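The lines below spell out each chain.
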Amino acid sequence: MIGLLPVVAGLVVLLLMQPAVCPINQVSATALATPTSAPTLAPLVDAPKLAPQCLVGSAVPGDLLVRSYPGAEFAELGTLVAELTALGLTDDGWVTVNYGERRGWLRAENLRFSGVCAALPRVRNPLIPVAAPDAEVFALQVDRDGDGSFRNTISTPEGDALDILWVVIINLYTQPPNNLREFTLTLDCDGAQPDAVRWGWAYETPTLTCGDALTLPFTLDNPQQPFSITYAPNSPQSYINYVLRVSPGAEG
């Protein structure tokens, strides 16, 4: 941490010359936040090379519709009238099957499984996007008596899964009361699997989740703090639009 002090001091000068939100490359994201290691899930695939010996049939009364994509709003390919070969299972509970010469999709909770299904491949949900790579580190300037917000996207297991955001409070003064301000940070999320997101102070493994708030003091001697927005280890396929809001004063 001592080794970062010259970099941080230089960052303050740079920030005062930049727009309110800007990418910063002087600080390595991996040096600030490295999620706790854990066993990884099997890799996502579009479809297995060999179809598993796993069959699915309807477990609910009435017609069970086979969809062209994993969503109730998509076109119907037909109904499940006999057992079909399952090709894989998405992290959000869709089973993809061979349906004639097409790939069909069914909800797992509506199915009964038979055969060799324990090793059913983990397949990609084609409707969940991948976050494009961007700058490793960003900065958000907030006036001592103002507020601000930062928006971005992350995804896993493919794409950009980690953002580092420096929150910098400007126009603090040498004399009280303008040498200190409290700000509340809140992370709002929208997208696939928001429960997998973790955020918090970047020098520690983040434990806060979407919707959580954190209140911190910022002083003239310590006007900036880095925060990481990432995923818990071993997270399911996810794509998240998030907004980190910075508001003056303690929450409530």
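In what follows, the structure referred to is the one given above.
Read on for a plain summary of the structure. All values reported here derive from a predicted model rather than from experimental measurement.

**A look at the nonpolar core**
Ranked by size, the top nonpolar core spans 24 residues in total, and within it Leu-165, Val-167 and Ile-229 carry the most contacts. Only strand S9 (137–143), strand S10 (148–156), strand S11 (163–170), strand S12 (180–192), strand S13 (197–201), strand S15 (224–231) and strand S16 (238–248) provide two or more residues apiece to this core. Per element, the largest residue contribution to this core is four residues, and it comes from S16. Counting 14 residues, the second largest nonpolar core, distinct from the first, contains Cys-54, Val-66, Leu-84 and Leu-111.

**Some details on the side chain of Asn-125**
Along the chain, Asn-125 falls in the loop between strand S8 (111–115) and S9. A residue is classified by how much of its surface remains accessible, and Asn-125, at 3% relative accessible area, is buried. Among the polar contacts listed, one links the side chain of Asn-125 to the side chain of Asp-92, at a separation of 3.0 Å. When neighbours within four sequence positions are excluded, Asn-125 is seen to be in contact with Pro-70, Thr-90, Asp-92, Trp-94 and Gln-237.

**Examining the pairing of S15**
Of all the eight residues making up S15, eight are buried; the element is thus mostly covered by neighbouring parts of the structure. On S15, burial covers both faces: Gln-224, Pro-226, Ser-228 and Thr-230 on one face and Gln-225, Phe-227, Ile-229 and Tyr-231 on the other are all buried. By the bridge criterion, six bridges tie S11 to S15 in an arrangement that is antiparallel. Within S15, the residue paired with Val-168 across the bridge is Gln-224. Bridging between S13 and S15 involves five bridges; their strand directions are antiparallel. Within S15, the position partnered with Trp-199 by the bridge is Ile-229.

**Considerations on the sheet that holds strand S14 (residues 213–219)**
Sheet architecture is open: four strands sit in the order S10-S16-S12-S14, paired in antiparallel fashion. Two strands in the sheet have a free side with no partner beyond their single neighbour: S10 and S14. Across the sheet, the mean angle separating the axes of adjacent strands is 25° when strand polarity is ignored.

**What to know about the packing of aromatic side chains**
For the structure shown, the criterion picks out five aromatic pairs. Arranged with centres 5.5 Å apart and planes meeting at 50°, the rings of Tyr-69 and Phe-74 form a pair that is tilted. For Tyr-69, a relative accessible area of 40% puts it in the partly exposed group. Relative to Phe-218, the ring of Phe-183 lies with its centre 6.0 Å away and its plane at 80°, an arrangement referred to as edge-to-face. Of this pair, Phe-183 sits in strand S12 while Phe-218 sits in strand S14, and the two are 35 residues apart along the sequence. We classify Phe-183 as buried; its relative accessible area is 0%.

Reading the values: the criteria
Residues numbered from 1 in each chain as written. Predicted model: local features only at pLDDT ≥ 70, side-chain atom pairs only at ≥ 80, totals over all residues. Heavy atoms only, no water. Core = buried A, V, L, I, M, F, W, Y, C linked by side-chain atoms within 4.5 Å. Buried < 20%, exposed > 50% of the residue type's maximum accessible area, 1.4 Å probe, protein only. Helix = DSSP H or I, 4+ residues; strand = E, 2+ residues; numbered from the N terminus. Polar contact = N/O pair within 3.5 Å; in protein donor to acceptor, adjacent residues only side chain to side chain. Contact = heavy atoms within 4.5 Å. Pairing = 2+ DSSP bridges. Axes fitted to C-alpha atoms, helices over the stretch in contact; angles between N-to-C directions. Phe/Tyr/Trp six-rings, centres within 6.5 Å; stacked < 30°, edge-to-face > 60°.

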